[in-house]
Structure formats: C-alpha cells, structure tokens
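Breakdown of the fold
This is what each chain is made of:
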Amino acid sequence: WLAEAQQQLGEDGSSELQKALALNPKSILAQAMQALALQRQGDAQGVLITLEQIAAQEPTDPQWAVALGQARAQLGNLEAAITEFLRATALEPENVSLWQALAEFSLAYQYQVSSVGIPAANKAVLLAPDDPRSLDLAGQADLSNAELDEAEGYFRAAISQDPRYAPAHLH
C-alpha cells in the first residue's frame, strides 16, 4: 500500500512494490498493485503477464477473468478477450456486473455484437431491471441494431432510475 500511496502522490514507489513482491511473490495484493503500476506506465504486456499469474492462483474468481479480458482486448486479441469475459459469466452466471462487463466489451469493440453483446445486455437487464447501467447497455445494444425507439426507451428508463447517470444522457 505504501507503493500505491507514493504513486498517488506522483512519486515512484517501485522499490516498495518490488520489496513487497520479494517478501511474498505469490501475494495477490502485491501482484495486483504491480499490474496497476504497469498499467499506469503503459506496459500492457506486463499487465497481461501479471494478471495471468494472478488468475492462475485464483482461477475461480471471475473478476480476474474480466481483468484478463480487458488486458487482452487492450492488446488487440479480441477472441482471447471474449473468451475471458465468457469464462467470468460462466463462473458466476447470476452476477450482473459480469454480464455488464461482457456487454460493454462487445459494444465498445463492436465485436460479436449480435451473438454476444446484445444477449449479454439483455441478460443484464433481466438480472437488474432497475439498474441504470444495465438499461443503458440495453439501449446501446438496440442502437447498434438501429432500433432507435427501443434504444431511446432504455436510455430514458436509465435516466429515470438515476438522473445523474451520465452515459445514458450521452447515448
């Protein structure tokens, strides 16, 4: 945590982080902090390697699969990325945030939108019908299908649920 605090203050913090990793190379927290530091430095490949190590230690934690999916997407490997997102939803199929992450990935990268993104957005609405993020994603999915009236309905519903939810206003 000292390394993170130093980085937040604009300092390096790398020696503290390396010390933490040397003391316990299998520490999930230290490895996660390492991934965060590498991300700040723009080292996408280093982030991926670190997240792969974490995910190998905690293969049943869907959040690491999502993080891996995001890292793989950042490196342009969309097929491997979607595999990670799908693995996350398989690990916890009732976790709405995982379906939202899958839909966001698919819609943002315009990758397998019809076969994965739209169904993921719809599943998010089924799991959390009053959640503005879910409603916004369903609206984006409809927008990608040129279903403008349906999309507007979802965006308005999201805004109705939370008038400060900026993405729905934007979309």
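Provided above is the structure to which this section pertains.
Everything in this summary refers to the structure shown in the same document. Along each chain, residues carry numbers from 1 onward, in the same order as the chain's sequence is written. The predicted origin of the model limits local features to residues at a pLDDT of at least 70 and limits the giving and counting of side-chain atom pairs to 80 or more, whereas totals for whole chains, interfaces and linings rest on all residues. Only hydrogens and water are set aside; all other atoms, that is, all heavy atoms of the structure, feed into the side-chain values.

1. With respect to the overall build of the protein chain
In plain terms, the rule: A run of H or I in DSSP becomes a helix once it reaches four residues, and a run of E becomes a strand once it reaches two; helices and strands are each numbered from the N terminus. A 1.4 Å probe rolled over the protein chains alone gives each residue an accessible area, and that area as a share of the maximum for its type sets the label: buried under 20%, exposed over 50%, partly exposed in between. Only heavy atoms matter for contacts: two residues are in contact if any of them lie within 4.5 Å across the pair. Note on areas: Shrake-Rupley, 1.4 Å probe, and residue coverage restricted to the protein chains presented here. Only four residue types enter the tally: Lys and Arg on the positive side, Asp and Glu on the negative side; His and the chain ends are excluded. By convention, the point assigned to a charge is CZ for Arg, NZ for Lys, CD for Glu and CG for Asp.
On a plain count of helices and strands, the protein chain comes out with 11 helices and 0 strands. Listed N to C, the secondary structure of the protein chain is α-α-α-α-α-α-α-α-α-α-α in terms of helices and strands. Along the first, second and third principal axes, the C-alpha set of the protein chain runs to 55 × 30 × 25 Å. Taking all 171 residues of the protein chain together, the buried fraction comes to 44%. Taking contacts inside the protein chain between residues at least 6 apart in sequence as the whole, the part at least 24 apart equals 45%. Accessible surface, the protein chain as shown: approximately 9100 Å² in total, 55% of it carbon and sulfur. Counting 9 positive and 22 negative side-chain charges, the protein chain places the centres of these two groups 6 Å from one another.

2. Focus on the packing of aromatic side chains
The cut-off we apply is this: Stacked, edge-to-face and tilted are the three classes for Phe, Tyr and Trp ring pairs, Trp counted by its six-membered ring, which pair at centre distances within 6.5 Å; planes under 30 degrees apart are stacked, over 60 edge-to-face, the rest tilted.
Inspection of the entire model under this criterion finds 3 aromatic pairs. A centroid spacing of 4.9 Å and a plane angle of 20° characterise the contact between Phe85 and Phe105, whose relative ring orientation is stacked. Of this pair, Phe85 sits in helix α6 (residues 78-91) while Phe105 is found in helix α7 (residues 96-109), placing the two residues 20 residues apart along the sequence. Neither Phe85 nor Phe105 differs from the other in exposure class; each is buried. For Phe105, a relative accessible area of 4% puts it in the buried group. Among the aromatic side chains, those forming a connected cluster through ring pairs are Phe85, Phe105, Tyr109 and Tyr111.

3. Some points on the nonpolar core
Here is the rule: Grouping buried Ala, Val, Leu, Ile, Met, Phe, Trp, Tyr and Cys residues that are joined through side-chain atoms within 4.5 Å yields what is termed a nonpolar core.
Core analysis: the largest hydrophobic core is formed by 24 residues, its most contacted members being Val66, Ile82, Phe85, Leu102 and Phe105. For this core, the elements supplying multiple residues, two or more each, are α5 (62-74), α6, α7, α8 (113-127) and α9 (132-144). Per element, the largest residue contribution to this core is 7 residues, and it comes from α7. Once residues lying within four places of it in the same chain are set aside, the contact partners of Leu102 are Ile82, Phe85, Leu86, Thr89, Val116 and Ala120. Listed in part, the 11 residues of the second largest apolar core include Ala35, Ala55, Ala67 and Leu68.

4. Focus: the packing of helix α2 (residues 14-23) against helix α3 (residues 28-40)
Two packed helices can be described by the angle between their axes and the distance between those axes. Heads up, the rule is: Between the N-to-C directions of two axes lies an angle of 0 to 180 degrees, each axis being a line fitted to C-alpha atoms and, for a helix, fitted only over the stretch in contact. Helix crossings are classified by the rotation of the near helix relative to the far one: an anticlockwise turn of less than a right angle makes the crossing left-handed, while a clockwise turn makes it right-handed. Side-chain classes are defined by residue name, with Ala, Val, Leu, Ile, Met, Phe, Trp, Tyr, Cys and Pro counting as nonpolar, Asp, Glu, Lys and Arg as charged, and the others, Gly among them, as polar.
Two elements in contact, α2 and α3, have axes separated by 9 Å at closest approach and are oriented at 150°. The element α2 and its partner α3 pack so that their crossing is left-handed. Each of Leu17, Gln18, Ala20 and Leu21 in α2 lies in contact with α3, whose residues at this interface are Ala30, Gln31, Met33, Gln34 and Ala37. Of the residues in the contact of α2 with α3, the class split is 6 nonpolar, 3 polar and no charged.

5. Side note on the side chain of Gln100
Note the cut-off: Pairing of N or O atoms within 3.5 Å defines a polar contact, subject to two protein rules: one partner must be a possible hydrogen donor and the other a possible acceptor, and residues neighboring in sequence count only if both atoms are side-chain atoms.
Inspection of the secondary structure puts Gln100 in helix α7. On the accessibility criterion, Gln100 (3% relative accessible area) is buried. Of the polar contacts made by the side chain of Gln100, one reaches the side chain of Arg133; its length is 3.0 Å. Not counting the four nearest positions on each side in its chain, Gln100 is found in contact with Ala124, Asp131, Arg133, Ser134 and Leu137.

6. Concerning the side chain of Glu84
Residue position: Glu84 is located in helix α6. The buried category is assigned to Glu84, whose relative accessible area is 10%. With near-sequence residues (within four places) excluded, Glu84 lies in contact with Ala65, Leu68, Gly69 and Arg72.

7. What about unusual backbone geometry?
With a phi angle near 50°, Gln110 is a residue other than glycine that sits in the positive phi range. Secondary-structure assignment places Gln110 in the loop between α7 and α8. Given a relative accessible area of 53%, Gln110 falls into the exposed group.

8. Some thoughts on α7
Short version of the rule: Helices are assigned an expected span. That span is 1.5 Å times one less than the residue count.
Over its 14 residues, α7 runs 20 Å from end to end, which matches the ideal 20 Å to within 8%, given 1.5 Å per residue. Among all positions in α7, only Leu98, Trp99, Gln100, Ala101, Leu102, Ala103, Phe105, Ser106 and Leu107 are buried. For α7, the secondary structure elements touched by its buried residues are α5, α6, α8 and α9. A positive backbone phi angle near 50° is found at Gln110, which sits one or two residues after α7.

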